[in-house]
Amino acid sequence: MSTTPPNRALPATVDARKLTGQGVRLTGCFCASQLPRLANAVAALPEPVEVTLDFATDEQNQRVVSGQVSANVTVNCQRCMQPMEQHLQAEVALGLVWSEEDAPHLNRDLEPWVVADESASLSDMVEDELLLALPYVNYHPVGECSGASHFSTGEVEAEEKPNPFQVLEQLKKKS
Ligand SMILES: [Zn+2]
């Protein structure tokens, strides 16, 4: 008897055109090893990324992929440099196109997903969505950050550069 959860691992590539024609819902997950760019962008990717995607053809006969991707990642707080949990969630609204040139024909609320042949990289697409959802910098909430009390250090102050406009103002006053 096994206690491991059912295998819900998604395939790295799918025939996206065929799936939209069939009207298929894909639910499952990707593990960190399948998402190397995301894994590199965060301190750790401790849990599998959750994916729910509907492949369909809409009223205007556009092939669309919609749904959500979400992940709990560990990032480093930029103030105290300690790890913190960050929940990432992205809403997916993609229109399938065969090439970049077809992208302008899409409904404007759809992002293009260029699918040149019958094997589209599902893991790349999910990774792109999550990388876009990842904040550029992360901070613990005020009061929960151990770095707040000793944030102002000599090093940080030394890095501060004078505002170029203020310098210009001073030069103007002198002349
Ligand atoms: Zn912090």
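Predicted model only: the values in this text are computed from it and were never measured.

> I keep staring at the overall build of the protein chain and nothing clicks. Help me out?
Across its full length, the protein chain holds 5 helices and 7 strands. Along the chain direction, N to C, the helices and strands of the protein chain fall in the order β-α-β-α-β-β-β-β-β-α-α-α. Burial status across the protein chain gives 21% buried among its 175 residues. Contacts in the protein chain between residues at least 24 apart in sequence constitute 59% of all its contacts with a sequence separation of at least 6.

> Before we go on, may I ask you to explain the pairing of strand E5 (residues 83-97) in this structure?
Note on strand geometry: in a regular strand, side chains alternate between the two faces of the sheet. Strand direction decides the pairing type here: strand E4 (residues 63-76) and E5, joined by 13 bridges, are antiparallel. By the bridge assignment, Val 75 is partnered in E5 with Met 84. Pairing geometry for E5 and strand E6 (residues 111-114), over 4 bridges, is parallel. Bridge assignment links Gly 95 to a residue of E6, and that residue is Pro 112.

> How should the sheet that holds E4 be read in this particular structure?
Picture the strands of a sheet paired through backbone hydrogen bonds; they go either parallel or antiparallel. Strand order in the open sheet formed by 5 strands is E2-E3-E4-E5-E6, and the pairing between neighbours is mixed. Of all strands in the sheet, those with a lone pairing partner are strand E2 (24-30) and E6, marking the two edges. On average, each strand axis in the sheet is inclined to that of its neighbour by 30°, with strand direction left out of account. Packed on one face of the sheet, helix H3 (residues 122-133) meets E2, strand E3 (49-57), E4, E5 and E6 and runs near 125° to E5.

> How do you make sense of the nonpolar core when you look at a structure like this?
Core analysis: the biggest nonpolar cluster contains 28 residues, and Ala 16, Val 49, Val 51, Val 65, Val 126 and Leu 130 have the highest contact counts within it. Residue contacts for Leu 130: discarding those within four places in its chain leaves Leu 38, Val 49, Val 69, Ala 71, Leu 88 and Ala 90.

> Help me understand the pairing of E4, please; the structure alone is not making it clear to me.
Note: E3 against E4, 8 bridges, orientation antiparallel. Note on E4: the bridge partner recorded for Thr 57 is Arg 63. Where E3 hands over to E4, the hairpin turn is made up of 5 residues, of which Asn 61 adopts a positive phi near 65°.

> Can you walk me through unusual backbone geometry in this structure?
Trans peptide bonds make up the majority, and among non-glycine residues the majority have a negative phi. A positive phi angle is found at Asn 61, which is not glycine, with a value near 65°. Unlike most non-glycine residues, Met 81 shows phi in positive territory, near 65°. Tracing the backbone shows Met 81 in the loop between E4 and E5.

> Explain the confidence of the model for the protein chain here, please?
Close reading of the predicted structure is inappropriate where its pLDDT is low. When pLDDT is averaged across the protein chain, the result is 86; 80% of the residues are at 70 or more. In this model, residues 153-159 is a region of pLDDT below 50 whose contacts with residues beyond four sequence positions or in other chains number 0 contacts.

> Got a minute to help me understand the environment of Asn 76 in this structure?
Within the secondary structure layout, Asn 76 lies in strand E4. C-alpha of Asn 76 to C-alpha of Gln 86: the two residues are 10 residues apart in sequence and 9.5 Å apart in space. Beyond its immediate stretch of four places on either side in the chain, Asn 76 contacts Ala 43, Met 81, Gln 82 and Pro 83.

> Help me out: how do you make sense of H3 in this one?
With 12 residues, H3 ought to run about 16 Å at 1.5 Å a step, and its terminal C-alpha atoms sit 17 Å apart, in line with that. Taken as a whole, H3 has its buried residues at Leu 122, Ser 123, Met 125, Val 126, Glu 127, Glu 129 and Leu 130.

Criteria and cut-off values
- Residues numbered from 1 in each chain as written.
- Predicted model: local features only at pLDDT ≥ 70, side-chain atom pairs only at ≥ 80, totals over all residues.
- Helix = DSSP H or I, 4+ residues; strand = E, 2+ residues; numbered from the N terminus.
- Buried ≥ 20, exposed ≤ 12 C-beta atoms within 10 Å, placed from the backbone.
- Contact = placed C-beta atoms within 7 Å.
- Pairing = 2+ DSSP bridges.
- Axes fitted to C-alpha atoms, helices over the stretch in contact; angles between N-to-C directions.
- Core = buried A, V, L, I, M, F, W, Y, C linked by C-beta atoms within 7 Å.
- pLDDT = per-residue confidence, 0-100.
- Expected span 1.5 Å × (residues − 1).

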